[in-house]
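Observations on chain architecture
What follows is the residue order along each chain.
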Amino acid sequence: MKSILAVLALSAASFGSLPVMADTAPAPPGTPPRCFFVQNFQNWKAPDNKTMYIRVGVNQYYRLDMAGSCDALTYPNSHLITQWRGAPTACDGVDWDLQVSQGIPAAPQSCIVKSQTPLTPAQAAAIPKKFKP
C-alpha cells in the first residue's frame, strides 16, 4: 500500500511541474519580436514630438508612440535618460521610464510612452533615411 501511495505522490509531483501551454497560436515566421532586452537598445530618432523610432541590436526596429506631446524629442542635441526597473526586457509602453534632455541647465522633459510597436523589415525599410536610427 505504501508503494502505491509513493507512486501516486511521485506522479502528482511530476505532473505539477509540466509547463502550462498558452492558448495563443505561435507567431508566424518573420514576425518581429514584441519584446527586447534593454541592454540591446542602440539608437533612436524622432520624426515629430509624438513618435520615436528605435534600433535594437543590428536590425530590429520599433516605433514608440507618446501619450502626449514630447517636444524635447525634436530639439537638436537632445539625449535620452532612460531608467529600467524590474524585468530586463521592454515589451510595451509601460516598461519605459523616459526623459529627454538637452543638457544643463535645461531640466529634462518626461515623456510617457503609450505604445511600443515592433516593425517588420519592410516597415523598417520605409522609415525615411533621416529618421532611421
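The structure we're discussing is the one just above.
Figured I'd write up the structure that's included with this text.

Here we look at the sheet that holds strand β8 (residues 109-111)
Spatially, β5-β7-β8 is the arrangement adopted by the three strands of the open sheet, whose pairing is antiparallel. Looking along the sheet, the strands with just one partner apiece sit at the ends: β5 (79-82) and β8. Between one strand axis and the next, the sheet turns by 35° as a mean value, whatever way the strands run. Across four bridges, the pairing between β5 and strand β7 (residues 98-101) is antiparallel. Looking across to β7, one finds that Leu-80 is bridged to Val-100.

Points about the pattern of salt bridges
Scanning all chains against the criterion turns up two salt bridges. Notably, a salt bridge pairs Arg-34 with Asp-92, separated by 3.7 Å at the nearest N-O pair. In this pair, Arg-34 is assigned in the loop between α1 (2-16) and β1 (36-37) and Asp-92 in the loop between β6 (89-90) and β7, connecting sequence segments 58 residues apart. A salt bridge links Asp-65 to Arg-63; the nearest nitrogen and oxygen atoms lie 3.1 Å apart.

Quick notes on the rules
- As a convention, each chain's residues are numbered from 1 in the sequence order in which they are written.
- Restriction of local features to residues with pLDDT of at least 70 applies here, the model being predicted, together with a cutoff of 80 or more for giving and counting side-chain atom pairs; totals for whole chains, interfaces and linings are based on all residues.
- Just so you know, side-chain values use all the structure's heavy atoms and leave hydrogens and water out.
- Strand pairing is assigned whenever DSSP identifies at least 2 bridges connecting the two strands.
- Think of it this way: any DSSP run of H or I at least four residues long counts as a helix, any run of E at least two long counts as a strand, and we number them from the N terminus.
- Note on method: axes are straight lines fitted to C-alpha atoms, helices fitted across the in-contact stretch only, with angles between N-to-C directions ranging 0 to 180 degrees.
- Here a salt bridge means any side-chain nitrogen of Lys or Arg lying within 4 Å of a carboxyl oxygen belonging to Asp or Glu.

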